[in-house]
Amino acid sequence: MLVAGFPAGSFQTNCYVVAAGQGEACIVVDPGQDAVEPLDALLAEHRLTPVAVLLTHGHFDHTFSVAPVCDGNDVPAWIHPDDREMLSDPLKGLSPDAVAFFGGRLEVREPREVRELADGAALELAGLTLRVDHTPGHTPGSVVFSTPTEEGVEVVLAGDTLFAGSIGRTDLPGGDHQQLLASLRDKLLTRPDDTVVLPGHGPTTTVGRERASNPFLQGLGAPVRGRGL
């Protein structure tokens, strides 16, 4: 399996591509701000053809380039229905200060084709099987995507649910700290320690490393502001 990515835009949001191998079909995960050109370069480097865009949640630092990427490649976007409205109205996911910073408007739109994700669904895309787990807390419609490697190690595209040493912030509209902790406990900490976690920001980690050292996961402690837009 081929997994490659890059941090995009001023928020340094990780955009990933996942494929069975070089020269194959691929999925694109979370094409954020200023992601189109580096994504095109990455696709050309590995001779990949996108068949879908998967969105871990609706915050615009993860979705900003979804319409040009989807419509430019004639592929659908997949998002959980609880976050879909942010595709056309990203201000719904921002703080009042951020809304004011952007002048009360952001010109974005849905891609031509949008499909909705369901908890526990198995997506058969690009020769891969990806499990969808609904992990609300950072946003109401946050999800993580999981797929096994040939060696049997699970890879999780975690969005802003879990980071190396931190978790997603819950102080934006729709955020819920206790719900996020429940999602982490029930949907991520149940996995083997060697599970690879590809976060929406920052470096790759593993479930075992976070179980042992992430301060937010030690007894699932008191609310503290996490990362992410």
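What counts, and at which threshold
- Residues numbered from 1 in each chain as written.
- Predicted model: local features only at pLDDT ≥ 70, side-chain atom pairs only at ≥ 80, totals over all residues.
- Heavy atoms only, no water.
- Core = buried A, V, L, I, M, F, W, Y, C linked by side-chain atoms within 4.5 Å.
- Buried < 20%, exposed > 50% of the residue type's maximum accessible area, 1.4 Å probe, protein only.
- Helix = DSSP H or I, 4+ residues; strand = E, 2+ residues; numbered from the N terminus.
- Contact = heavy atoms within 4.5 Å.
- Phe/Tyr/Trp six-rings, centres within 6.5 Å; stacked < 30°, edge-to-face > 60°.
- Pairing = 2+ DSSP bridges.
- Axes fitted to C-alpha atoms, helices over the stretch in contact; angles between N-to-C directions.
- Arc of directions from axis to C-beta.
- pLDDT = per-residue confidence, 0-100.
- Expected span 1.5 Å × (residues − 1).
- Polar contact = N/O pair within 3.5 Å; in protein donor to acceptor, adjacent residues only side chain to side chain.

Trainee: Talk me through the nonpolar core; I want residue IDs and the actual numbers.
Mentor: Counting 24 residues, the largest nonpolar core has F6, V17, L39, L48, V53 and V66 as its most contacted members. Within the residue set of this core, elements represented by two or more residues are β1 (2-8), β2 (13-19), β3 (25-29), α1 (36-46), α3 (66-73) and β5 (77-79). Counting residues per element, this core draws most heavily on β1, which supplies four residues. In contact with V53, other than residues within four places in its own chain, are V28, P31, V66, V69, C70, V75, P76, A77 and W78. By size, the runner-up hydrophobic cluster in this structure holds 19 residues, among which are Y16, V18, I27 and A52.

Trainee: Summarise unusual backbone geometry; cite the residues concerned and give the values.
Mentor: The backbone phi angle of D30 is positive, close to 60°, even though this residue is not glycine. Topologically, D30 is positioned in the loop between β3 and α1. A relative accessible area of 2% places D30 in the buried class. Residues other than glycine seldom take positive phi values, yet D34 does so here, at roughly 60°. Mapped onto the fold, D34 is located in the loop between β3 and α1.

Trainee: Break down the packing of aromatic side chains for me, citing the residues and quoting the values.
Mentor: With the rule as written, the count across this model stands at two aromatic pairs. Among the aromatic residues, ring-to-ring pairing joins F11, F60 and F64 into one connected group.

Trainee: How would you explain the sheet that holds strand β4 (residues 49-54) if you had to name every residue and give the values?
Mentor: Read across the open sheet, the six strands follow the order β1-β2-β3-β4-β5-β6; overall the sheet is mixed. A strand with exactly one partner marks an edge of an open sheet, and here the two such strands are β1 and β6 (114-116). For this sheet, the mean inter-axis angle between neighbouring strands, taken without regard to orientation, is 25°. In the packing of α1 onto the sheet, the strands contacted are β1, β2, β3 and β4, and the crossing angle to β1 comes to about 160°. Each of β4 and β5 touches α3; the most contacted strand, β4, lies at about 145° to it.

Trainee: Describe α1, and please don't skip the residues or the numbers.
Mentor: Turning to α1, its buried residues number three or more, namely L39, L42, L43 and H46. Buried residues of α1 fall within an arc of 100° about the axis and therefore sit on the same side. Among the exposed residues of α1, those pointing more than 90 degrees away from its buried face are E37, A44 and E45. Elements in contact with the buried residues of α1: β1, β2, β3, β4 and α3. Taken from the residues just after α1, R47 is the one with a positive phi, measuring 55°.

Trainee: I'd like a description of the confidence of the model for the protein, backed by residues and values.
Mentor: Of the residues in the protein, 90% reach a pLDDT of 70 or more, and the chain-wide mean stands at 91. Per-residue pLDDT stays below 50 along residues 221-225; that stretch engages in eleven contacts with residues further than four places along the chain or on separate chains.

Trainee: Give me the lowdown on helix α6 (residues 177-188), citing residues and values where you can.
Mentor: Taking 1.5 Å per residue, twelve residues should reach 16 Å; α6 reaches 16 Å between its end C-alpha atoms and fits that length. Among the residues of α6, H177, L180, L181, S183, L184 and L188 are the ones counted as buried. Taken down its axis, α6 places every buried residue within 155° of arc, on the same side. Where α6 is buried, its residues meet β10 (154-159), β11 (162-163), β12 (166-167) and α7 (207-213). Of the residues flanking the start of α6, the one acting as N-cap is D176, its side-chain oxygen 3.2 Å from the backbone nitrogen of Q178.

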